[in-house]
Amino acid sequence: MAVGNGNRKEQFEQLDGVIAQWKGVEGGLLPIMQHAQEILGCVDEEVQHYISAATGIPVSTIYGVATFYSQFTLKPRGKYTMGICLGTACYVRGSQQVLDELEKRLGIGVGETTADGMFTLNATRCIGCCGLAPAMMVNDEVYGRLVPGDVPGIIEKYRARG
Amino acid sequence: MEYYRSQVLICTGTGCSSSNSPAIIKRFEECIRNAGLENEIKVVRTGCFGLCENGPICIVYPEGAFYSHIKVDDVERIVSEHLVKGRVVADLLYKKSVTEDGKIRSLEEIDFYKKQKRVALRNCGVIDPENINEYIAFDGYKALAKALTEMSRDDVIDVILKSGLRGRGGAGFPTGLKWKFAKAPESDVKYVCCNADEGDPGAFMDRSVLEGDPHSVLEAMAIAGYAIGSQQGYIYVRAEYPIAVKRLRIAIDQAREAGLLGKDIFGTGFNFDIDLRLGSGAFVCGEETALMTSIEGCRGEPRPRPPFPAIKGLFGKPTILNNVETLANVCQIILNGPEWFASMGTEKSKGTKVFALGGKINNTGLVEIPMGTTLREIIYDIGGGIPNGKKFKAAQTGGPSGGCIPAEHLDIPIDYDNLIAIGSMMGSGGMIVMDEDNCMVNIAKFFLEFTVDESCGKCPPCRIGTRRMLEILDRITHGKGEDGDIEKLEKLAKNIKASALCGLGQTAPNPVLSTLRYFRDEYEAHIYEKRCPAGVCKALLSYAIDPEKCRGCSLCARNCPAGAISGQVRSPFVIDNKKCIKCGACEASCKFGAIVKR
């Protein structure tokens, strides 16, 4: 998410609220980090230090968690994250070809973000939509029964949405 | 209570939602309002009907008219014809739900449902998952009431033991035994965890239960809590399942409000509450000790066992961890008795199992069948066979921990032990069907890529061993396989299985071993003949033009991005294999089927 400095202060205030809610709760670090990523777009070094200072959890632990789980990102993601499913059902029904088309159309590889900050491309594990294979998630929206030809239309839809 | 003369059930599971069911619901409500029928007809948002292939699905009762592939534009016609005039819109019905003389078949008579027995999925597609009253109307929370008021803690464990219920998450450990072990230790705090981190690629039954019937999981967790003496439950659910997360939150809130979770449930003095924890995208967290480490807020790495979770689990306290589908069976067992449950299935595998049918099969979706049903029945009778007249090659079960079942075993009754005996496993129930166009070496490589990616790195056999195996497979699929590679794979597989720390590593070599067992000839073709029999591995392919079929239209030459095709118009063209990049554009463009892959 393209995050400007202007509202970053407010975002950290929001994070304060989350930390107050979870601080001291056993196993509260993951929920704090999940919220932090939602609010700030990523858990970069600054965010990790901030959580560490507020909770007393060593920053090394936080970094360890951030790099372990694939949902956490240390760099801001694009406004829309396109996650094409490479689970077995999607794979045997040709999701690799859809991914190839996405890479071609967006001009980026897996794990990269477009220069305008609009799209991040991910190859995800099974999203449980095997009945609609091959499937893709764009943020929380699911698209199913994809063929490479669907790709330009979907990209266009989000570009138009801005 | 309001009385409605007709009910319109629409699936709001993830499958149908992505096929636009929310817009269809909106349109239904609009049209019904416009017709002034809002007090006579109710629109119910339900969970998954299982037949995702035909979504969005809508069933109108009392007739039981099964509409499939509905579009927003169809809704007005269904309302004005069916709901106003009472005339079923025949052309929109799911074709297999209508008899030859135009009568509507009931759900149980449709091929897809005929052989199914819905226990874990009984409420999916029947009730509104966001309304606790509908769950209660279908005997919801009755099992909890029975357990708390009529049964001792040992009675509950006894019933589950006697039923023969085994864990549906993969390994098939007897559920009652797990509960018994966790009841034994004295501890002021114990935990009940639900594993909803469904990560096996190709399995989505847990998702459907959570989306379609979340209360059945909450109720079963409370029963488990009572049995082992726990007051706190955690559901660890994948963040990739936003609809399931939302419905679980609603369900927990409603249950708390109704006094079915929280303090002094049913006035018995029993306290039990449930919290959600979201997974963050790590497959290994489906392993029980890793899942607990993750709930504790750490890197989700597995721990050595013993100590087993029943003794020292979450936060160091006695803990049980059950899979969603396992829990979805519990309430029915308490209500109907262990004999009822044990009457279904085979000698050592009781009850039913939900499978997610996917891949090269006509009816993709969720099916629940009694244990002991044969693979042939699942694939041909329920699944409707393989599309495009292709030949069945193998069914993959057990995800990255499982294996492939070839055609020679189509008639084996499916249960835990039979699947192990033929080199696969039940796993969580993903069943991916493959046809003659799938290369088994490539599939084995696909699964190993998965485990290499998802290995947490804690133990060397898994971290390094699986990577070495992948490198060998990579070479083989790129035409650089050598004599001795198969033996190297087998040796590595044996060592990894014996020495890896957790279930993920110990089972990681299975896809390779099972494909080697049944499709060794494909490996040999890749290694010794530099040939991919299924025509998948690009490096081993070469394209050629069949001069008999080629009409010399030059279309392929114009489509070739590498300029590898040449010839005179109206006489056969040829492909220069030195220039060919094997993209397949010629094959896609040829109208005469003259391009052959070798």
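Just so it is clear, the structure is predicted and the values come from calculations on it, not from any experiment. (Residues numbered from 1 in each chain as written. Chains lettered and ligands numbered in written order. Predicted model: local features only at pLDDT ≥ 70, side-chain atom pairs only at ≥ 80, totals over all residues. Heavy atoms only, no water.)

**Re the domain arrangement of chain A**
- As far as domains go, chain A holds domain 1 (8-68) and domain 2 (80-161).
- On a C-alpha basis, the centres of domain 1 of chain A and domain 2 of chain A stand 29 Å from each other. (Domains from an automatic or database assignment.)

**Some details on the domain arrangement of chain B**
- Domain annotation of chain B identifies domain 1 (6-113), domain 2 (132-341), domain 3 (352-435), domain 4 (440-528) and domain 5 (542-597).
- For domain 4 of chain B and domain 5 of chain B, the distance between their C-alpha centroids amounts to 36 Å.

**Here's the deal with the nonpolar core**
- Judged by nonpolar contacts, the single largest core of 128 residues is most densely connected at Trp179(B), Leu218(B), Ile223(B) and Ile235(B).
- A total of ten residues in this core trace back to one element, the largest contributor, which is helix H10 (residues 214-228) of chain B.
- Apart from residues lying up to four places away in sequence, Leu218(B) is in contact with Tyr141(B), Ile235(B), Leu248(B), Ala251(B), Ile252(B), Ala255(B), Leu261(B) and Ile274(B).
- With 65 residues, the next largest nonpolar core counts Phe12(A), Ala36(A), Ala66(A) and Phe68(A) among its residues. (Core = buried A, V, L, I, M, F, W, Y, C linked by side-chain atoms within 4.5 Å. Buried < 20%, exposed > 50% of the residue type's maximum accessible area, 1.4 Å probe, protein only. Helix = DSSP H or I, 4+ residues; strand = E, 2+ residues; numbered from the N terminus. Contact = heavy atoms within 4.5 Å.)

**Quick look at helix H19 (residues 485-499) of chain B**
All names here are of chain B.
- Taking 1.5 Å of rise per residue, 15 residues should cover 21 Å, and H19 covers 21 Å from first to last C-alpha, within 8% of that figure.
- Within the span of H19, buried status applies to Asp485, Ile486, Leu489, Ala493 and Ile496. Burial along H19 is one-sided: seen end-on, the buried residues are contained in an arc of 95 degrees. Turned more than 90 degrees off the buried face of H19, the exposed positions are Lys491, Lys494 and Ala498.
- Here the buried face of H19 lies against helix H18 (460-477), helix H20 (503-507) and helix H21 (510-528). (Expected span 1.5 Å × (residues − 1). Arc of directions from axis to C-beta.)

**Overview of the interface of chain A and chain B**
- Taken together, the contacts link 36 residues of chain A with 55 residues of chain B.
- Among the residues of chain A in contact with chain B, Phe68(A), Thr88(A) and Arg125(A) are the three that bury the most area, contributing 20% of the side total.
- One salt bridge connects Glu454(B) with Arg125(A), and the closest N-O pair in it is separated by 3.5 Å.
- Taken together, the connections running from chain A to chain B amount to 18 residue pairs in polar contact (both at pLDDT 80 or more).
- Mapped onto the side of chain A that touches chain B, the elements with two or more residues apiece are helix H2 (29-40), helix H4 (59-68), helix H5 (88-92) and strand S4 (141-143) of chain A.
- Residues that form the side of chain A that touches chain B fall into these classes: 21 nonpolar, ten polar and five charged. (Buried area = accessible area lost by both parts, 1.4 Å probe. Salt bridge = Lys/Arg side-chain N within 4 Å of Asp/Glu carboxyl O. Polar contact = N/O pair within 3.5 Å; in protein donor to acceptor, adjacent residues only side chain to side chain. Nonpolar A, V, L, I, M, F, W, Y, C, P; charged D, E, K, R; others polar.)

**Quick look at the pattern of salt bridges**
- Following the criterion strictly, the structure yields 47 salt bridges over all chains and no others.
- The residue Glu325(B) makes a salt bridge to Arg168(B) at a minimum N-O spacing of 4.0 Å. Here the residue Glu325(B) occupies a position in helix H13 (residues 324-336), and Arg168(B) occupies one in the loop between helix H7 (153-163) and helix H8 (175-183), the gap between them amounting to 157 residues. Take Glu325(B) and Arg168(B): they sit in the same class, and that class is buried.
- Of the charged contacts, one joins Glu211(B) and Arg207(B) as a salt bridge, the two residues approaching to 3.0 Å between their closest N and O atoms. A residue pair is termed a helical-turn pair when its members lie 3 or 4 positions apart in one helix, as Glu211(B) and Arg207(B) do in helix H9 (residues 205-212) at four residues. Summarising the burial analysis for this pair, Glu211(B) and Arg207(B) share the class buried.
- A single salt-bridge network, built from bridges that share partners, covers Arg8(A), Asp44(A) and Glu46(A).

**Notes on H7(B)**
Residue and element names in this part refer to chain B.
- Regarding H7, the residues found buried are Val156, Ile157, Val159, Ile160 and Ser163. Mapping the buried residues of H7 onto a view down its axis gives an arc of 155 degrees, with all of them on the same face.
- Buried residues in H7 make contact with helix H6 (142-150), H8, H10, H13 and helix H14 (338-342).
- Two residues or fewer past H7, glycine 164 is found with a positive phi of approximately 80 degrees.

**Observations concerning the packing of H10(B) against helix H11 (residues 242-257) of chain B**
Residues and elements named next belong to chain B.
- Running from amino to carboxyl end, H10 crosses H11 at an angle of 55 degrees, the nearest separation of the two axes being 9 Å. Considering their axes alone, H10 and H11 lie oblique with respect to each other. In the crossing of H10 with H11, the sense of the turn from one axis to the other is right-handed. Counting all contacts with H10, which are made through Pro214, His215 and Leu218, the residues of H11 involved are Arg247, Leu248, Ala251, Ile252, Gln254 and Ala255.
- When grouped by side-chain class, the residues that make up the contact of H10 with H11 number six nonpolar, two polar and one charged. (Axes fitted to C-alpha atoms, helices over the stretch in contact; angles between N-to-C directions. Parallel < 35°, antiparallel > 145°, perpendicular 65-115°, else oblique. Left-handed = near helix turned anticlockwise from the far one by under 90°.)

**Side note on the environment of Ile155(A)**
Residue and element names in this part refer to chain A.
- Along the polypeptide, isoleucine 155 turns up in helix H7 (residues 151-161).
- In this structure isoleucine 155 comes out as buried when scored by relative accessible area, which is 6%.
- In the structure, isoleucine 155 is positioned 50 residues away from arginine 105 in sequence and 8.5 Å away in space, judged by C-alpha atoms.
- Setting aside its immediate chain neighbours within four residues, isoleucine 155 contacts Met82, Leu102, Arg105, Leu106 and Phe119.

**Some words on the side chain of Gln332(B)**
- Structurally, Gln332(B) is set in helix H13.
- When sequence neighbours within four positions are dropped, the list of residues in contact with Gln332(B) reads Val119(B), Arg122(B), Gly337(B) and Trp340(B).

**As for the packing of aromatic side chains**
- Summed over all chains, the structure comprises 19 aromatic pairs over all chains.
- Between Tyr69(A) and Phe72(A), the ring centres sit 6.2 Å apart and the planes meet at 85 degrees, which makes this aromatic pair edge-to-face.
- The exposure class assigned to Tyr69(A) is buried, which follows from its relative accessible area of 1%.
- Taking the relative accessible area as the measure of exposure, Phe72(A) reaches 8% and is therefore buried.
- Relative to Tyr113(B), the ring of Phe112(B) has its centre 5.0 Å away and its plane inclined at 85 degrees; by these criteria the two rings are edge-to-face.
- Among the residues examined, Phe112(B) registers a relative accessible area of 0% and is labelled buried.
- Residue Tyr113(B) is classed as buried on the basis of its relative accessible area of 7%.
- For the cation-ring pair, Lys353(B) lies above Phe355(B), with the distance from its terminal atom to the ring centre recorded as 5.8 Å. (Phe/Tyr/Trp six-rings, centres within 6.5 Å; stacked < 30°, edge-to-face > 60°. Lys NZ or Arg CZ within 6 Å of the ring centre and 35° of its normal.)

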